[in-house]
Amino acid sequence: MFGWGKKSKDEFETEIINIESQHVDDDDDNDSFTYHDGDDDEESEEEEDVEKLKMIPLFGNEEEEEKKRAADGIDDIIKMYIDESGTGTTDDNNGEEKKKKPPKRKKPKKKHKKKKNDSLWDDLKSFHAELLQYKCIGPCLKCLTKLCYISFFPCRLFTRLTCCLANLPPCLFVYDSFKFVFCCILHLPPCRIFYRFVKCVMTLPPCRFVYKQCNRLPWKNIIIFACILFFSGAMAVGGSYLHYLYQITVPEEEDWMWGLEPTSWRYRPIRETLASVSGKEPFLTRNTPQHRALVYLADEDAKQLDPYNHKESMIQRYGIVVLFFALNDKNTWLHRDYWMSKFHECHWENVICEDWMEGGRKVTKLNLYSNGLLGQIPEEIGVLDALDAIDMTNNTCTGTIPEGFEQLKRMKELRLDQNNFEGTIPDFLFKYKHLEILTFGTNKLSGTISPNFAKMDSLKKIYLENNDFTGTIPKEFGDMPQLMDLMLDENQLEGIIPTELGMCSNLEKLGLYSNSLTGTVPDELSRLKKLKILYLDHNSLYGEIPAWIGGLTRLTDLRLQFNDFHGRIPDLSSLRSLERLYLSANQLTGTIPDWIGSCNMLYDLQMFRNDLTGTIPESIGYLQNLEIFYLDNNRLVGTLPETIGKITTLQYFYVDNNDLQGALPSSLENLVKIRKLRLDRNRFTGSISFVGKMERAGMFILSNDLILFACN
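### A word on the overall build of the protein
Stage number 1. Within the protein, the secondary structure is distributed over 14 helices and 33 strands.
Stage number 2. Looking at the protein as a whole, 44% of its 712 residues are labelled buried.
Stage number 3. When the accessible surface of the protein is totalled, it reaches about 38,700 Å², and 54% of it is carbon and sulfur.

Dropping the structure here:
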């Protein structure tokens, strides 16, 4: 397209000399910056500079039309420039240049004929000649010319748009104000030095060309554009300041993955705070308790805690909210007044708080007994580090005992019985220094009972009944003199009862029933003078019932049934507080002792399936509180004592499968509370007219045939 760089050397030199001479003439007429060999007076230079600044074109009437025509005729100028340059060739043989005629180009139809901008053409030509003095500049200049030609159209559109905006009164005012301020700034010493430096730089040929073209630009539009940039920068600075002041943030792409909608500026700082507790993984999955708690605290919580100034309060509330979402997945909670409300969590039902020494109120107790809990206890419960009591008895909690409990160093009462916990007892529980009550009964815990319980000097009550523990009873329990309750019932424990238990002088409850224990009852247990409950039933213990049991005067519940005890019933007349006495399913012999009437607190007496003989003593009538009386499957003889009718509280009376005989006592009609009465497999005679007066009776078995009576 262009024939630059293909002329002979002499032709180039001749053309450059002509262009430079013409360029010098143009500089005298058009340049605002002129280079002076001599030094002028400083004050005159400053005044001249100010006058030059005032001469910047402001779109006057004539100049405005001239510039619009120049802008509209840019396409024609470029086309003319291309046509006149041509694509010439050089013949190496004769050195003569052969020019090809450019192809005819169809001129676009225009309503008005545009004038060519001769000044722009001269500038381009002179600048082109100057650049040709350097090697390898021809190809670059071709590319630059093409780019300029392409960019003329958007520049023209921008010029027209800014021309319309520049004529508005506000824009004119901004322009005049900026010009005045700029002129004032130029009088400052640093600006004068910079101005002189720029004057020197502007004498260079490239700078002169650029300056000429800039002198033709709509400066008013540029100033408007600069003002727009200024206000945009001011808004950016203001936004940065607000971000610093209020930590206003824009949601990142990963926030949408978390299911968080940016309805509040609080959610990101809250997420960062909670991530230090739970990590980021729980928040990446929707509908996890942690994710739901984060959404609640960020957008739904009416309390609106400050995530920067109340981090501890935020973490405590998070722990309670996660617990709610984790154990109330199917909306099964029974008692939940004020939960998830705008009130402080200390006002929520069954949440107890105390004033803490560090300031604020902290949760110290959670009483969720029989509250319909369902699910796994979250690890985040560990953030409630002030907790000293948790009661989740009689719920449907599953999983293992969470490791978050390790952080609850102040724990005194931990009640998790009657749930579905699995696994073993974690070792970190043995590090509790203040724990007094530990109840894990009626779960699915397994493993052996650790001897590390002996390291817990404050532990007073241990309830591990109805689990799947195996092994033997640790003898280290004897090193816990403070121990008051030890309930190991309904497990799979083996071996003998350790004699070291006799060292637990404060023991009040000892439960070992429904295991596989063997041997005899050790005499060392006679030291347990404070013992109130002794459960040894449903094992394989043998020998005679120890006589020293009669010395445990505080006993209220003695259960020895379903073992292999034999011999006579020892004297237990001193057990005046005894309420339950279970001696059934053994191999006891002898008669029912007459001292039984002195235990007038008894309301449950069971001696069935033994080899007892003799008669039922008359003193049985002194048991005025007796409700359950089982003597079936023995070898008792004689008649029913008349005093049996004095036990008006009796509800269940079984004497079947014995050798009793004679007429039924008429005092039986006084047993108005009786529910079940079994007299079958004996040799009773007489009438049963008293049956009609037993209004609560549900079942009578008076002979070998079953006779049912429905309750009224």
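Right, picking up where we left off after that structure.
### Side note on the packing of aromatic side chains
To describe a pair of aromatic rings, you give the distance between the ring centres and the angle between the ring planes.
Stage number 1. Under the defined criterion, the tally for this structure stands at 13 aromatic pairs.
Stage number 2. Relative to Tyr318, the ring of Phe283 has its centre 6.5 Å away and its plane inclined at 40°; by these criteria the two rings are tilted. Highlighted residues: Phe283 in the loop between helix 12 (267-278) and helix 13 (289-300) and Tyr318 in helix 14 (residues 311-327), separated in sequence by 35 residues.
Stage number 3. Residue Phe283 is classed as buried on the basis of its relative accessible area of 0%.

### Some points on the environment of Gly621
Stage number 1. In this fold, Gly621 is placed in the loop between strand 25 (611-614) and strand 26 (628-630).
Stage number 2. For Gly621, a relative accessible area of 4% corresponds to the buried category.
Stage number 3. Along the backbone, Gly621 and Thr643 are 22 residues apart, and their C-alpha atoms lie at a distance of 4.7 Å.

### Focus: the side chain of Asp680
Stage number 1. Among the secondary structure elements, Asp680 is positioned in the loop between strand 30 (676-678) and strand 31 (683-685).
Stage number 2. Among the polar contacts made by the side chain of Asp680, one reaches the side chain of Arg678 at a distance of 3.4 Å.

### Comments concerning the pairing of strand 19 (residues 540-544)
Stage number 1. Here 2 bridges tie strand 17 (residues 516-519) to strand 19, and the two strands are oriented parallel to one another. Looking at strand 19, one finds that Thr518 is bridged to Ser540.
Stage number 2. Here 3 bridges tie strand 19 to strand 21 (residues 564-567), and the two strands are oriented parallel to one another. Each bridged residue has a counterpart across the sheet, and for Tyr542 the counterpart in strand 21 is Asp564.

### Here we look at the nonpolar core
Stage number 1. With 127 residues, the main nonpolar core has Met392, Phe405, Phe453 and Phe477 as its most contacted residues.
Stage number 2. Put simply, the parts of the chain that give this core at least two residues each are helix 12, helix 13, helix 14, strand 3 (351-355) and strand 4 (361-367).
Stage number 3. The element that contributes the greatest number of residues to this core is helix 14, accounting for 9 residues.
Stage number 4. Ignoring anything within four residues of it in the chain, the contact list for Phe405 reads Ile377, Ile381, Ile390, Leu414, Leu416, Phe428 and Tyr432.
Stage number 5. Counting residues in hydrophobic clusters, the runner-up holds 5 residues, among them Tyr463, Tyr513, Ile533 and Tyr535.

### Comments concerning the packing of helix 12 against helix 13
Stage number 1. In the contact formed by helix 12 and helix 13, the axes pass within 10 Å of each other and the chain directions differ by 145°. Here helix 12 and helix 13 pass one another in a crossing that is right-handed. For the pair formed by helix 12 and helix 13, the contact residues are Tyr267, Ile270, Arg271, Leu274 and Ser278 on the first element and Gln290, Leu294, Leu297 and Ala298 on the second.

### A few points about the confidence of the model for the protein
Stage number 1. Of all residues in the protein, 64% have pLDDT values of 70 or greater, and the mean over the chain is 77.
Stage number 2. For residues 52-62, every residue scores under 50 in pLDDT, and the model assigns this stretch 20 contacts once sequence neighbours within four places are set aside.
Stage number 3. Here residues 246-262 is modelled with pLDDT under 50, and outside its nearest four sequence neighbours on either side it reaches 37 contacts, counting other chains as well.

### Thoughts on the pairing of strand 4
Stage number 1. The pairing of strand 3 with strand 4 spans 5 bridges and is classified as antiparallel. By the bridge assignment, Cys353 is partnered in strand 4 with Val363.
Stage number 2. Looking at chain direction, strand 4 and strand 6 (residues 389-391) are connected through 3 bridges and run parallel. Across the sheet, Lys365 pairs through a bridge with Ala389, a residue of strand 6.

### Some words on the packing of helix 13 against helix 14
Helix-helix packing is characterised by the crossing angle of the two axes and by the distance between the axes.
Stage number 1. Following both chains from N to C, one finds helix 13 and helix 14 inclined at 130°, their axes separated by 8 Å at the closest point. Considering their axes alone, helix 13 and helix 14 lie oblique with respect to each other. The two elements helix 13 and helix 14 meet at a crossing, and its hand is right-handed. Facing Pro289, Gln290, Arg292, Ala293, Tyr296 and Leu297 of helix 13, the residues of helix 14 in contact are Met314, Arg317, Tyr318, Val321, Val322, Phe325 and Ala326.
Stage number 2. The class makeup of the residues in the contact of helix 13 with helix 14 is 10 nonpolar, 1 polar and 2 charged.

Rules of the game
- Residues numbered from 1 in each chain as written.
- Predicted model: local features only at pLDDT ≥ 70, side-chain atom pairs only at ≥ 80, totals over all residues.
- Heavy atoms only, no water.
- Helix = DSSP H or I, 4+ residues; strand = E, 2+ residues; numbered from the N terminus.
- Buried < 20%, exposed > 50% of the residue type's maximum accessible area, 1.4 Å probe, protein only.
- Areas by Shrake-Rupley, 256 points an atom, 1.4 Å probe, with all protein chains shown as cover.
- Phe/Tyr/Trp six-rings, centres within 6.5 Å; stacked < 30°, edge-to-face > 60°.
- Polar contact = N/O pair within 3.5 Å; in protein donor to acceptor, adjacent residues only side chain to side chain.
- Pairing = 2+ DSSP bridges.
- Core = buried A, V, L, I, M, F, W, Y, C linked by side-chain atoms within 4.5 Å.
- Contact = heavy atoms within 4.5 Å.
- Axes fitted to C-alpha atoms, helices over the stretch in contact; angles between N-to-C directions.
- Left-handed = near helix turned anticlockwise from the far one by under 90°.
- pLDDT = per-residue confidence, 0-100.
- Parallel < 35°, antiparallel > 145°, perpendicular 65-115°, else oblique.
- Nonpolar A, V, L, I, M, F, W, Y, C, P; charged D, E, K, R; others polar.

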